[in-house]
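Single-letter residue listing:
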Amino acid sequence: MSLLLTNEQETVTLPASLEELLVQVVQLVLEREQVDSQAEVSLVLVDDRRIQQLNRDYRGLDKPTDVLSFALEESSPDEPEFDDPTAGLVLGDIIISLETAQRQSLEYGHSLEREVAYLTVHGLLHLLGYDHQDEVARAEMRRREEEILTEVSLPRTVSE
């Protein structure tokens, strides 16, 4: 498993142990979902301004959000088909606003590490095809998120 972590923001100081934690949660999700061990994921940490631009450009919502996922395997009818020997190995990009994550961690009363780990798991599950468009899908996705976070000793607290 390969996680390419890029920090493109200067607003929030990264905790020293964050990168190791994110590698651990990505690896755990991929193992639990039985994804090829050679899979690659890109995780980009940005500020609110940048994620707002992306949210506006790709989702038509001109406001910051906490996480966006861009799956490489998504395609439209206009895209040409071709054989790609790496297909299925590069899952896509997860973009997280650390400013929003920091606000949410304070709002929910847990650490920044827990919030960023949650957003990483959430974004990765989207890359793997999970969604939350209806209540059944939302419950399944939330169950998977909490299983992973509990396994890395970051369970949801009672106040959340």
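Quick caveat, the model's predicted, so the values are computed rather than measured.

Undergrad: Can you lay out helix α2 (residues 48-59) for me, pointing to particular residues and giving the numbers?
TA: Over its 12 residues, α2 runs 15 Å from end to end, which matches the ideal 16 Å to within 8%, given 1.5 Å per residue. Buried residues of α2: D48, I51, L54 and N55, and no others. Along the long axis of α2, the arc covered by the buried residues comes to 125°, so they all point the same way. Set apart from the buried face of α2 by more than 90 degrees, the exposed residues are R49 and D57. If you check the start of α2, you find a side-chain oxygen 3.3 Å away from the backbone N of R49, and it comes from D47. G60 sits one or two residues past α2 and shows a positive phi near 75°.

Undergrad: Mind laying out helix α5 (residues 135-151), listing which residues take part and the relevant values?
TA: The end-to-end C-alpha distance of α5, which contains 17 residues, comes to 24 Å, matching closely the 24 Å that a straight helix rising 1.5 Å per residue would cover. Buried within α5 we find M141, R144, E145, E146, I148 and L149. Each element contacted by the buried residues of α5 is listed here: α1 (18-32) and α4 (112-127). The opening residue of α5 is D134, an N-cap whose side-chain oxygen sits 3.1 Å from the backbone nitrogen of V136. With its phi angle positive at about 65°, S153 sits one or two positions after the end of α5.

Undergrad: Provide a residue-level description of the packing of aromatic side chains, including the pertinent values.
TA: One pass over the structure, following the stated rule, counts 1 aromatic pair. When the ring of Y58 is compared with that of F70, the centres are 5.1 Å apart and the planes differ by 70°; the resulting orientation is edge-to-face. Taken together, the residues span a long stretch of sequence, with Y58 in helix α2 and F70 in strand β3 (residues 67-71) at a distance of 12 residues. A residue is classified by how much of its surface remains accessible, and Y58, at 57% relative accessible area, is exposed.

Undergrad: Residues and numbers for the sheet that holds strand β2 (residues 40-46), please.
TA: Ordered by their spatial adjacency, 4 strands build an open sheet running β1-β2-β4-β3, and the pairing between neighbours is mixed. Looking at the sheet topology across the chains shown, the edges are occupied by β1 (2-7) and β3. Between one strand axis and the next, the sheet turns by 15° as a mean value, whatever way the strands run. Of the strands in this sheet, β1, β2 and β4 (90-97) are in contact with α1, which crosses β1 at around 140°. Against the sheet, α2 contacts β2, β3 and β4, and its axis sits at roughly 50° relative to β3.

Undergrad: Describe the confidence of the model for the protein chain, naming the residues involved and giving the relevant values.
TA: Residues at a pLDDT of 70 or more form 88% of the protein chain, whose mean pLDDT is 89. Taken as a whole, residues 75-86 scores under 50 in pLDDT and shows 1 contact with residues more than four places along the chain or in a different chain.

Undergrad: Outline the nonpolar core, supporting the account with residue identities and numerical values.
TA: Counting residues in hydrophobic clusters, the biggest one holds 36 residues, and the most contacted among them are V41, I94, I96, V116 and L124. Where this core is concerned, the elements lending two or more residues are α1, β2, β3, β4, α3 (98-108), α4 and α5. In this structure I96 touches L43, V44, L45, V46, I51, D66, V67, V116, L119 and T120, once residues within four positions along its chain are discounted. Membership of the second largest hydrophobic core comes to 6 residues, among which are V44, V46, I51 and L54.

Conventions we followed
Residues numbered from 1 in each chain as written. Predicted model: local features only at pLDDT ≥ 70, side-chain atom pairs only at ≥ 80, totals over all residues. Heavy atoms only, no water. Helix = DSSP H or I, 4+ residues; strand = E, 2+ residues; numbered from the N terminus. Expected span 1.5 Å × (residues − 1). Buried < 20%, exposed > 50% of the residue type's maximum accessible area, 1.4 Å probe, protein only. Arc of directions from axis to C-beta. Polar contact = N/O pair within 3.5 Å; in protein donor to acceptor, adjacent residues only side chain to side chain. Contact = heavy atoms within 4.5 Å. Phe/Tyr/Trp six-rings, centres within 6.5 Å; stacked < 30°, edge-to-face > 60°. Pairing = 2+ DSSP bridges. Axes fitted to C-alpha atoms, helices over the stretch in contact; angles between N-to-C directions. pLDDT = per-residue confidence, 0-100. Core = buried A, V, L, I, M, F, W, Y, C linked by side-chain atoms within 4.5 Å.

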